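# Inside the fold
Here's the letter readout for the chains.
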Amino acid sequence: MSAAGASEPSARNRPPARTVSDVVVIGSGLVGACCAYELTLAGLNVTIVDRGHLTSGTTASGEGNILISDKAPGAELELAKLSLTRWTELADELEADIEYEPKGGVVVATGEAEADGLRHFAAQQREVGVTAVEVSGDRLRELEPHLAPDLATGIHYPQDAQVQPVLAAAVLLQQARQRGATVVPEAEVTAIGVDRTGRVASVTTTRGSFATRWVVNAAGPWSGEISALAGLHLPLAPRRGHILVTEPCEPLIHHKVYDAGYVGTLTADAQPDAVEVSSVVESTRAGTILLGSSREFVGYDRRIDGEVVRAIAERATRLFPVLAGVRLMRAYVGFRPWLPDHLPAIGETLAVPGFVQASGHEGAGIGLSPATGRLVRDLITGHEPPIDPTPFRPDRPTLQNDAEVAHG
Ligand SMILES: Cc1cc2nc3c(=O)[nH]c(=O)nc-3n(C[C@H](O)[C@H](O)[C@H](O)COP(=O)(O)OP(=O)(O)OC[C@H]3O[C@@H](n4cnc5c(N)ncnc54)[C@H](O)[C@@H]3O)c2cc1C
């Protein structure tokens, strides 16, 4: 049954006949795709619903960085390590090109104060097994010939990698379907039903209802709205980011390169009016170069801000002067799913049994999606997870006493 105002589905898009699933995954971004893929590997009957076309949310507007380098020792780094292992396996297991490139990252400091901070951060990471090799300013150009000659120092992180997020999500969804999953695009979730005990019982969409015992909320920046349908509060806010895309050019940049200020912008406390800009530069297989990025809280405003575009271009050119001669092709924005304590929410909610959060990955959801899928799979199948999932509990105190950012 269609919701009021929704157009009738065409014959090709008719709701599937089967309406009973073990699990309904809401959202076909990379997080939802990884969850669905892992759950079908475990033999479960999975339905993935998305209100738009497949993978049309934030996954389509991010970069493809799989970063170990930007994570301090702690729960998120452990999740990133698990994910990196899984990405490496997936690159073989999927038997399809997802443009996975273990190209390594280089973090650079422009001045001595930044260099000290970078060295300290890298020393802490080494203690928990991260490979982080200092490369002095005068030797950085052996790694990246076009870097500015006057940089203070750099840290080489050979474990960092890259993937094409939309391609990866499409392949994961395709393979989940081959194992029996049903994928329903243009199906907006409008209600979540519970049974007499309060446990999840159904998901209602604009393309029909699905009876289920488990719901995985992988709706990215819109996960707060989905949580509210289940009577839950998830203090999630969209954090806008700009990306610039250059014209295709000869290979100029070989690693993922970003400036030392980037890590600070990730964990900066919420400043409703501030725009954080740092430089993240990476080339793609198509020859374009992606220049990121910015962070700001402006609700779901999709307008491109010329000032921010200029600031990103200037910072990137500071690192790579050669970019001054490369034309920009386009710019776009996307919305990171941000939570106030800077950790994703992954796990079952106590208030509504069967309702599983898989969201709040902010600017790391591409990298962290395989580990998220694995934790969700182990939770639903009752297996011991490979890492401690406790820090990601959706009911953790730091998400209850949250300092929310106003939506614009
Ligand atoms: C500029 C920028 C750069 C980034 N760079 C990186 C990077 O380099 N590396 C990295 O790891 N991460 C990066 N990220 C973050 C990353 O893109 C996100 O964390 C990740 O894409 C989140 O994926 P997701 O599957 O959770 O959400 P999404 O991809 O947003 O998917 C959610 C889906 O839910 C659907 N949905 C929403 N509401 C409903 C509803 N009511 N009913 C049905 N469906 C619904 C949406 O249509 C959407 O398709 C970046 C983000 C931005 C904005």
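About the thresholds
- Residues numbered from 1 in each chain as written.
- Predicted model: local features only at pLDDT ≥ 70, side-chain atom pairs only at ≥ 80, totals over all residues.
- Heavy atoms only, no water.
- Salt bridge = Lys/Arg side-chain N within 4 Å of Asp/Glu carboxyl O.
- Helix = DSSP H or I, 4+ residues; strand = E, 2+ residues; numbered from the N terminus.
- Buried < 20%, exposed > 50% of the residue type's maximum accessible area, 1.4 Å probe, protein only.
- Near = heavy atom within 4 Å.
- Polar contact = N/O pair within 3.5 Å; in protein donor to acceptor, adjacent residues only side chain to side chain.
- Areas by Shrake-Rupley, 256 points an atom, 1.4 Å probe, with all protein chains shown as cover.
- Nonpolar A, V, L, I, M, F, W, Y, C, P; charged D, E, K, R; others polar.
- Domains from an automatic or database assignment.
- Expected span 1.5 Å × (residues − 1).
- Arc of directions from axis to C-beta.
- Contact = heavy atoms within 4.5 Å.
- Core = buried A, V, L, I, M, F, W, Y, C linked by side-chain atoms within 4.5 Å.
- Disulfide = S-S within 2.5 Å.
- Buried area = accessible area lost by both parts, 1.4 Å probe.

## Here's the deal with the pattern of salt bridges
Throughout the structure, instances matching the rule amount to 25 salt bridges. The salt bridge partner of Glu188 is Arg51, with a shortest N-O separation of 4.0 Å. A residue pair is termed long-range when its members are at least 10 positions apart, and Glu188 in the loop between β8 (182–184) and β9 (189–194) and Arg51 in the loop between β2 (46–49) and β3 (65–66) qualify at 137 residues. Looking at Glu188, the relative accessible area reads 36%, which means it is partly exposed. Looking at Arg51, the relative accessible area reads 46%, which means it is partly exposed. The salt bridge involving Arg327 is made with Glu247; its shortest N-O contact spans 3.5 Å. In this pair, Arg327 is assigned in the loop between α8 (306–319) and β16 (328–338) and Glu247 in the loop between β12 (237–246) and β13 (256–259), connecting sequence segments 80 residues apart. Residue classification places Arg327 among the exposed positions, given a relative accessible area of 60%. Take Glu247: its relative accessible area is 21%, and that puts it in the partly exposed class. One salt-bridge network, held together by shared partners, links Glu38, Arg86, Glu89, Glu93 and Arg377.

## Quick word on the site of the ligand
Every one of the 36 residues lining the ligand counts as a neighbour, but Asp50, Thr58, Thr59, Glu362 and Gly367 are closest to it. Between Arg51 and the ligand, the recorded distance is 3.0 Å, taken from a backbone N or O atom to a nitrogen atom. For the ligand, a nitrogen atom lies 2.9 Å from a polar atom in the backbone of Gly363. Surface burial for the ligand is 97%, taken as the share of its 1,000 Å² of free accessible area covered by protein chains. Taken together, the elements giving at least two residues each to the shell around the ligand come down to α1 (30–41), β12, β16 and α9 (365–381). Of the residues forming the shell around the ligand, the biggest block, four residues, is contributed by β16. Classifying every residue of the shell around the ligand gives 15 nonpolar, 15 polar and six charged. A domain split of the shell around the ligand shows at least three residues from each of domain 1 (18–61 + 166–235 + 341–400) and domain 2 (105–158 + 237–338).

## A short note on α8
For α8, which comprises 14 residues, the first-to-last C-alpha distance of 20 Å matches the rise-based estimate of 20 Å (1.5 Å per residue) to within 8%. Within α8, burial applies to Val308, Val309, Ile312, Ala316 and Leu319. What you see down the axis of α8 is that its buried residues fit within an arc of 105°, all on one side. Residues of α8 that are exposed and point over 90 degrees away from its buried face: Glu307 and Glu314. Contacts made by the buried residues of α8 are with β4 (105–109), β12, β13, β14 (276–283), β15 (289–295) and β16. For α8, the N-terminal cap is Asp305; the gap from its side-chain oxygen to the backbone nitrogen of Glu307 is 2.9 Å.

## Examining the nonpolar core
In terms of nonpolar packing, the biggest core is built from 66 residues, with Trp87, Val216 and Val376 touching the most fellow members. Counting residues per element, this core draws most heavily on α1, at eight residues. Two domains each provide a minimum of three residues to this core, namely domain 1 (18–61 + 166–235 + 341–400) and domain 2 (105–158 + 237–338). Discounting residues that sit within four places of it in the chain, Val376 has contacts with Cys35, Leu39, Val216, Ile346, Val356 and Ala358. In this structure, Ala148, Leu319, Phe320 and Leu323 belong to the second largest nonpolar core, which totals 23 residues.

## A few points about the state of the cysteines
Joining two cysteines, a disulfide is a covalent bond between their sulfur atoms. Tallied over the entire structure, the rule returns zero disulfides. Cysteine Cys34 shares no disulfide, and the gap to the nearest cysteine sulfur, in Cys35, comes to 7.1 Å. For Cys34, a relative accessible area of 2% gives the class buried.

## Structural notes on the domain arrangement of the protein chain
Partitioning the protein chain into structural domains gives domain 1 (18–61 + 166–235 + 341–400) and domain 2 (105–158 + 237–338). Spacing between the C-alpha centres of domain 1 and domain 2 amounts to 30 Å. Every contact between the two is made by 13 residues of domain 1 and, on the other side, 17 residues of domain 2. Each partner contributes to the roughly 1,200 Å² buried at the junction of domain 1 and domain 2, and carbon and sulfur atoms together form 52% of this total. The largest per-residue losses of area from domain 1 upon contact with domain 2 belong to Ser61, His342 and Glu362, which jointly make up 52% of the total buried on that side. On the surface where domain 1 and domain 2 come into contact, there are two salt bridges. As a salt-bridge pair, Arg239 and Glu362 come within 2.9 Å of each other at their nearest N and O atoms. If you look at where domain 1 meets domain 2, you find six residue pairs in polar contact (both at pLDDT 80 or more). Here the side of domain 1 that touches domain 2 is built from residues that sort into three nonpolar, eight polar and two charged.

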